[in-house]
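Descriptive structure summary
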Amino acid sequence: MDDTLIKRFAAIVGAQNTLTGKDAIAPYVTDPRGRLTAPSPLVLRPANTGEVSAIAALASETGTAIIPQGGNTGLVGGGLPREGSEDVIVSLTRMAAIVDTDPATNTMVVEAGTILQNVQDAAADAGRLFPLSLGSQGSARIGGLISSNAGGTGVLAYGTIRDLVMGLEVVLADGSVIDGLSRLRKDNTGYDLRGLFVGAEGTLGIVTKAVLKLFPAPAGREVAYAAVKSPQAALDLLHRAQGLAGSGLTAFEFMSQRAMTFALRHSGANLRPPFADPPPWSVLIEISSGRSAEDARETIETLLSGAFEDEAITDAAIAQNIAQQDAFWLLREEMSWAQKPEGASIKHDIAVPVGQIPAFIEKADAAVHSVCPDARIVNFGHLGDGNLHYNITQPIGWETERFFELEEAIHDSVYEQVARHEGTISAEHGIGQIKKNRLAELKDPVALATMRAIKAALDPKGIMNPGKML
């Protein structure tokens, strides 16, 4: 990149917030799995919306591609440069202020670089709950979560982040700024621009601030593990829990024996297993009550005792205190990272209608093993909303290169079953670079054409996160 242009960008954010050296840029150009990396001529770290606007205006003037980036926790390369490009990374990590918390309207205004954990803590300090929760919440940032429409473990009760955002401030490709920081729950005055930018992966504009929905903190909360014999038994237990607890069922997580075994084997937290031996399948259940702790306890005990009497479950363990509740959740969260010590992994973030999950698992397992008979399937996820992290770990004794030679064939086998079961190839991770070709193959052509028309209208020069999604 021309030195003069670098200096013009540096003049916007200051020399100390313009990174050009290889070592300084390295953390910004590699994904968490270490599978994607591409050089960038510079990383810009703006301090406010005005600086982001000036960066976009200069990029538009010079035809420079810019890549918005939050915590760089994404798994599909959505926040990384393209190979062989001169994409400029715009890191929002300095824009991390919690601007305002308003318990009266149950809202919070935050800058896009705010870490999710900090949002959760600030909500708790105000006696409120921000329910988005996921394994990377200590480093994932709100702007990236909005841009990928993150899901997490609370979707069953609270929805994805699309449902948790009331308003947005967005910098467009030409540097103009949409001020949509509304706290209104009803505003029927035109197109839903907020919804347009949620899940757009930074291809239409850069989210700089957001109004988030808060909820009353529950008066009582109970967490338990239950052992089941099959995915169908887990689905039956879900329906039983929904019938008994209603909206008080705030999480229903699902995991295979191998997923739990890996997490127990590799967690650095020295976690205690909820059962003497990991059962074939397990579910993690959370029930919350706005009335009392006793109400939550009674509900989960009624659920599990009735299920046990009917032989719907084979064992159960209820957390006895907050520390054990946290340990139960940590075991679930460790499943995302516990595969790495076991070797290479081919990952799928899929969703199918909840009622089709047992059939999907049966067919997908058979399809994967027809490609790689010794593959180790690590299946876990959010049964309540149909989202599974259906991952394949390399066979014992195999070299990584040999395993990755089968990657496309394994993807084909899984995605064929996803299509047959009316599902999606991306439930919460996004499309990014990794899945854009698959999207082009599987998405409705008219829907794709509409997406391209929106992209062309808002970003006619193609400078906003090019090479992602479309």
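Residues numbered from 1 in each chain as written. Predicted model: local features only at pLDDT ≥ 70, side-chain atom pairs only at ≥ 80, totals over all residues. Heavy atoms only, no water.

A short note on the environment of alanine 65
The condition is simple: Counting from the N terminus, the helices are the DSSP runs of H or I reaching at least four residues and the strands are the DSSP runs of E reaching at least two. Contacts are assigned to residue pairs with any non-hydrogen atoms lying within 4.5 Å of each other.
In this structure, alanine 65 sits in the loop between α3 (49–62) and β3 (66–69). Those residues in contact with alanine 65 that sit more than four places away from it in its chain are Arg82, Glu86, Asp87, Val88, Ile463 and Pro466.

Observations regarding the packing of helix α12 (residues 357–371) against helix α14 (residues 407–420)
Under the convention used in this document: All axes here are fitted lines through C-alpha atoms, helices being fitted over the stretch that makes contact, and every angle between N-to-C directions spans 0 to 180 degrees. What sets the label is the angle itself: under 35 degrees gives roughly parallel, over 145 gives roughly antiparallel, 65 to 115 gives roughly perpendicular, and the rest give oblique. Crossing handedness: left-handed means the near helix sits turned counterclockwise from the far one by under a right angle, and right-handed means the same turn made clockwise. Each residue gets one label: Ala, Val, Leu, Ile, Met, Phe, Trp, Tyr, Cys and Pro are nonpolar, Asp, Glu, Lys and Arg are charged, and the others, such as Gly, are polar.
At a minimum axis distance of 9 Å, the contact between α12 and α14 shows a crossing angle of 160°. Of the possible angle classes, the one that applies to α12 and α14 is roughly antiparallel. α12 and α14 meet at a crossing whose hand is right-handed. Between α12 and α14, the residues in contact are Phe360, Lys363, Ala364, Ala367, Val368 and Val371 and Ala409, Ile410, Ser413, Val414, Gln417 and Val418, respectively. Of the residues in the contact of α12 with α14, the class split is nine nonpolar, two polar and one charged.

Focus: α14
Heads up, the rule is: The span one expects for a helix is its residue count, reduced by one, times 1.5 Å. Remark: exposure states derive from per-residue accessible area (1.4 Å probe, protein chains only) relative to the maximum for the residue type, with buried under 20%, exposed over 50%, and partly exposed in between.
Between its terminal C-alpha atoms α14 stretches 20 Å, which fits the 20 Å expected from 14 residues at 1.5 Å a residue. Along α14, the residues classified as buried are Glu407, Ile410, His411, Ser413, Val414, Tyr415, Gln417 and Val418. Turning to α14, the residues buried within the fold contact β16 (345–346), β17 (349–351), α12, β19 (387–393), α13 (400–404) and α15 (436–442). The positive-phi residue at the C-terminal boundary of α14 is glutamate 422, with phi of around 60°.

Overview of the pattern of salt bridges
Where charged atoms from two side chains of opposite charge approach closely, those side chains can pair. To keep things clear, this is the line we draw: For salt bridges, the criterion is a side-chain nitrogen of Lys or Arg within 4 Å of an Asp or Glu carboxyl oxygen.
Inspection of every chain in the model, using the stated rule, returns 17 salt bridges. Lysine 455 serves as the salt-bridge partner of aspartate 459, at 2.7 Å between the closest nitrogen and oxygen. For the pair aspartate 459 and lysine 455, one class covers both residues: buried. A network of salt bridges, in which partner residues are shared, links Glu222, Arg297 and Glu301.

As for the packing of helix α8 (residues 231–245) against helix α10 (residues 293–309)
Where α8 meets α10, the closest approach of the two axes is 10 Å, and the angle between their N-to-C directions is 140°. As the angle between them shows, α8 and α10 are arranged oblique. Where α8 crosses over α10, the handedness of that crossing is right-handed. Between α8 and α10, the contacting residues are Leu237, Arg240, Ala241, Leu244 and Ala245 on the first element and Thr299, Thr302, Leu303, Gly306 and Ala307 on the second. A class-by-class count of the residues in the contact of α8 with α10 yields six nonpolar, three polar and one charged.

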